[in-house]
Amino acid sequence: MKVACPTCQKESEWNSDNSFRPFCCERCKLIDLGEWANESKTIPGQPSFEAAESIEDLGGDPGIAPEDRLH
Ligand SMILES: [Zn+2]
């Protein structure tokens, strides 16, 4: 079975000997990983960090302080 390398489009054999599959070589794999980092296609930490901040803001809202319920 042959697959096209996602980086250079060169066809390479898909087998267990190729530890870089679906890439044809280590270089193409590293290039692809580098593009992921540079273009920041997806940074899983960022959106969740923003969400955590929003939740914190709601919890710290003085308008819903527990003491108000006692009065
Ligand atoms: Zn390649």
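Before reading further, recall that the structure is shown in the block above.
Residues numbered from 1 in each chain as written. Predicted model: local features only at pLDDT ≥ 70, side-chain atom pairs only at ≥ 80, totals over all residues. Heavy atoms only, no water.

**Focus on the overall build of the protein chain**
Then step 1. Per the secondary structure count, the protein chain includes 2 helices and 2 strands.
Then step 2. Along the protein chain, helices and strands appear, N-terminal first, in the series β-β-α-α.
Then step 3. Across the 71 residues that make up the protein chain, the buried fraction comes to 11%.
Then step 4. For the protein chain, the accessible area works out to roughly 6,000 Å², and carbon and sulfur atoms hold 55% of it. (Helix = DSSP H or I, 4+ residues; strand = E, 2+ residues; numbered from the N terminus. Buried < 20%, exposed > 50% of the residue type's maximum accessible area, 1.4 Å probe, protein only. Areas by Shrake-Rupley, 256 points an atom, 1.4 Å probe, with all protein chains shown as cover.)

**Examining the coordination of the zinc ion**
Octahedral six-donor coordination of a metal ideally yields angles of 90 or 180 degrees, compared with 109.5 degrees for tetrahedral four-donor coordination.
Then step 1. Only Cys5 (SG), Cys8 (SG), Cys24 (SG) and Cys28 (SG) from the protein reach the zinc ion as donors, at distances of 2.2 to 2.4 Å.
Then step 2. For the zinc ion, the 4 donor atoms in the first shell make angles of 104 to 116 degrees at the metal, so the coordination geometry reads as tetrahedral.
Then step 3. Here the donor residues of the zinc ion share one chain and are spaced in sequence as C-x2-C-x15-C-x3-C. Of this pair, Cys5 sits in the loop between β1 (2-4) and β2 (11-13) while Cys28 sits in helix α1 (residues 26-39), and the two are 23 residues apart along the sequence. (Donors = N, O, S within 2.8 Å, 3.2 Å for Na, K, Ca; no water. Tetrahedral: all angles 85-135°; square planar, octahedral: opposite > 155°, others 65-115°.)

**Quick word on the side chain of Ser12**
Then step 1. Among the structural elements, Ser12 can be located in strand β2.
Then step 2. Residue class for Ser12 comes out buried when judged on its relative accessible area of 8%.

**Regarding the state of the cysteines**
Then step 1. Applying the stated criterion across every chain, the model contains 0 disulfides.
Then step 2. Take Cys25: it sits in no disulfide, and the sulfur closest to it among the cysteines is that of Cys24, at 3.6 Å. (Disulfide = S-S within 2.5 Å.)

**Overview of the environment of Cys28**
Then step 1. Its relative accessible area of 2% is what places Cys28 among the buried residues.
Then step 2. Placed 22 residues apart in sequence, Cys28 and Pro6 show a C-alpha to C-alpha distance of 8.0 Å.
Then step 3. Beyond its immediate chain neighbours, meaning those up to four positions away, Cys28 contacts Cys5, Thr7, Cys8 and Phe23. (Contact = heavy atoms within 4.5 Å.)

**A few points about the environment of Pro22**
Then step 1. Considering the arrangement of structural elements, one finds Pro22 in the loop between β2 and α1.
Then step 2. For Pro22, a relative accessible area of 30% gives the class partly exposed.
Then step 3. Pro22 sits 18 residues away from Ala4 along the chain, and the two C-alpha atoms are 7.4 Å apart.

**Structural notes on the environment of Arg21**
Then step 1. Among the secondary structure elements, Arg21 is positioned in the loop between β2 and α1.
Then step 2. Judged by its relative accessible area of 34%, Arg21 is partly exposed.
Then step 3. As a C-alpha pair, Arg21 and Cys5 span 16 residues in sequence and 7.9 Å in three-dimensional space.
Then step 4. Every residue in contact with Arg21, bar those within four places of it in the chain, is listed here: Trp14, Asn15 and Ser16.
Then step 5. Separated by 3.4 Å, the side chain of Arg21 and the backbone oxygen of Asn15 make a polar contact.
Then step 6. From its side chain, Arg21 meets the backbone oxygen of Asn18 in a polar contact 2.9 Å long. (Polar contact = N/O pair within 3.5 Å; in protein donor to acceptor, adjacent residues only side chain to side chain.)

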